[in-house]
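Chain by chain, the residues:
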Amino acid sequence: MKIDTAEFRFGCPHYDGLPAASLPEFAFVGRSNVGKSSLINMLTGRKELAHTSRKPGKTRCINCFDINHRWHLVDLPGYGYAKVSKMKQIDFNRDVSTYLTERSTLEQGFLLADSQLEPLDQDLYFAQWLQECDLPYSLILTKTDRTTNATVYNHKVKFEAALAEWKLKPTEIFHCSAKSGKGRNEILQWIDGRLPRKSKKKGKGSTINLNWMK
Ligand SMILES: Nc1nc2c(ncn2[C@@H]2O[C@H](COP(=O)(O)OP(=O)(O)O)[C@@H](O)[C@H]2O)c(=O)[nH]1
Ligand SMILES: [Mg+2]
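Residues numbered from 1 in each chain as written. Chains lettered and ligands numbered in written order. Predicted model: local features only at pLDDT ≥ 70, side-chain atom pairs only at ≥ 80, totals over all residues. Heavy atoms only, no water.

Draft legend 1. Focus on the site of ligand 1. The full set close to ligand 1 counts 17 residues, and Asn33, Lys36, Ser38, Asp145 and Ala178 are the nearest of them. One of the backbone nitrogen or oxygen atoms of Asn33 is found 2.7 Å away from an oxygen atom of ligand 1. Taking Lys143, its side chain carries an N or O atom lying 3.2 Å from an oxygen atom of ligand 1. In isolation ligand 1 exposes 570 Å². Once the protein is present, 85% of that is buried. Tallied by class, the residues present in the shell around ligand 1 amount to two nonpolar, eight polar and seven charged. (Near = heavy atom within 4 Å. Polar contact = N/O pair within 3.5 Å; in protein donor to acceptor, adjacent residues only side chain to side chain. Areas by Shrake-Rupley, 256 points an atom, 1.4 Å probe, with all protein chains shown as cover. Nonpolar A, V, L, I, M, F, W, Y, C, P; charged D, E, K, R; others polar.)

Okay, here's the thing in structure tokens:
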């Protein structure tokens with residue numbers, strides 16, 4: 001998928017304040033500092049689209065970006081930085097919870113996890129919760145440039161084992177690096193495959209010839 005336009009649409013702290021659902025939405029979630037903003041910038045090819053910050057927990061809004069006027073990329077608040085219980089970390093934000101369960105145009109979730117780390121319970125609890133919401137989701141292992149291929153592979157295998165143990169079934173597992181651009185084509189292509197087909201302009205060759213039926 002070629003990114004022609006990527007524009008900020010809205011940032012809203014409350015589900016009730018969200019604009020009416022329109023285009024298909026793809027939501028990105030993950031612990032603070034996992035590399036979510038960097039990935040969004042990498043996918044869209046815009047350096048400053050999602051504000052990248054070293055300070056955890058800065059993004060506290062449901063942020064929506066219009067991509068090619070065809071789909072919406074939704075950046076959800078990070079979780080996992082607050083010193084609260086595991087269950088509270090899952091229930092980190094009532095409005096995000098409502099968004100994930102209620103938003104009619106939400107197609108898919110992308111759960112980000114750091115490829116440098118072994119699977120964290122926080123990530124697994126979140127995957128479990130996405131699944132309980134009946135939201136199809138994929139896992140994206142981030143920051144692969146920061147470690148060796150062997151470590152990424154090892155952590156992927158551990159993730160697969162942990163997911164199986166928790167009876168979790170992400171649709172796909174992607175690897176990415178915001179630094180090198182790894183994973184960009186795969187993720188964009190995958191999203192493209194889930195969008196309604198573009199309406200084609202009428203022109204030569206667009207009419208089906210039914211003469212053979214006569
Ligand atoms: N080397 C490398 N650093 C990354 C990558 N993704 C994010 N980072 C760094 O990790 C930190 C957190 O990234 P950010 O995108 O703000 O994470 P967020 O809190 O999940 O939005 C920043 O210092 C980024 O520069 C990556 O793929 N490779
Ligand atoms: Mg961020």
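Draft legend 2. Looking closely at the side chain of Thr144. With respect to the helices and strands, the residue Thr144 is situated in the loop between β6 (137–142) and α5 (149–165). Apart from residues no more than four positions distant in its own chain, Thr144 is found in contact with Ser115, Val152, His175, Cys176, Ser177 and Lys182. (Helix = DSSP H or I, 4+ residues; strand = E, 2+ residues; numbered from the N terminus. Contact = heavy atoms within 4.5 Å.)

Draft legend 3. View of unusual backbone geometry. One non-glycine residue with positive phi stands out, namely Asn33, at about 80°. Mapped onto the fold, Asn33 is located in the loop between β2 (25–30) and α1 (36–44). Positioned with a positive phi, Asn68 is a non-glycine residue whose angle comes to about 55°. Mapped onto the elements, Asn68 comes out in the loop between β3 (62–67) and β4 (71–75).

Draft legend 4. Quick peek at the packing of aromatic side chains. With the rule as written, the count across this model stands at eight aromatic pairs. Here Phe110 and Trp190 contribute two aromatic rings whose centre-to-centre distance is 5.6 Å and whose plane-to-plane angle is 70°, an arrangement assigned as edge-to-face. Residue Phe110 is found in strand β5 (residues 106–114), and its partner Trp190 is found in helix α6 (residues 184–192); the two are separated by 80 residues along the sequence. With respect to class, Phe110 is no different from Trp190; both count as buried. (Phe/Tyr/Trp six-rings, centres within 6.5 Å; stacked < 30°, edge-to-face > 60°. Buried < 20%, exposed > 50% of the residue type's maximum accessible area, 1.4 Å probe, protein only.)

Draft legend 5. Main features of helix α3 (residues 94–102). Of the residues making up α3, those classed as buried are Asp95, Val96, Ser97, Tyr99 and Leu100. Close packing links the buried residues of α3 with β2, β3, β4, β5 and α4 (121–132).

Draft legend 6. Main features of the sheet that holds β3. The strand order β1-β3-β4-β2-β5-β6-β7 describes an open sheet built from seven strands, whose pairing is mixed. Strand pairing shows two members of the sheet lacking a second neighbour, β1 (6–12) and β7 (173–175), which therefore form its edges. Sheet twist, expressed as the mean angle between neighbouring strand axes with direction ignored, is 25°. Note that β5 and β6 share six bridges and pair parallel. (Pairing = 2+ DSSP bridges. Axes fitted to C-alpha atoms, helices over the stretch in contact; angles between N-to-C directions.)

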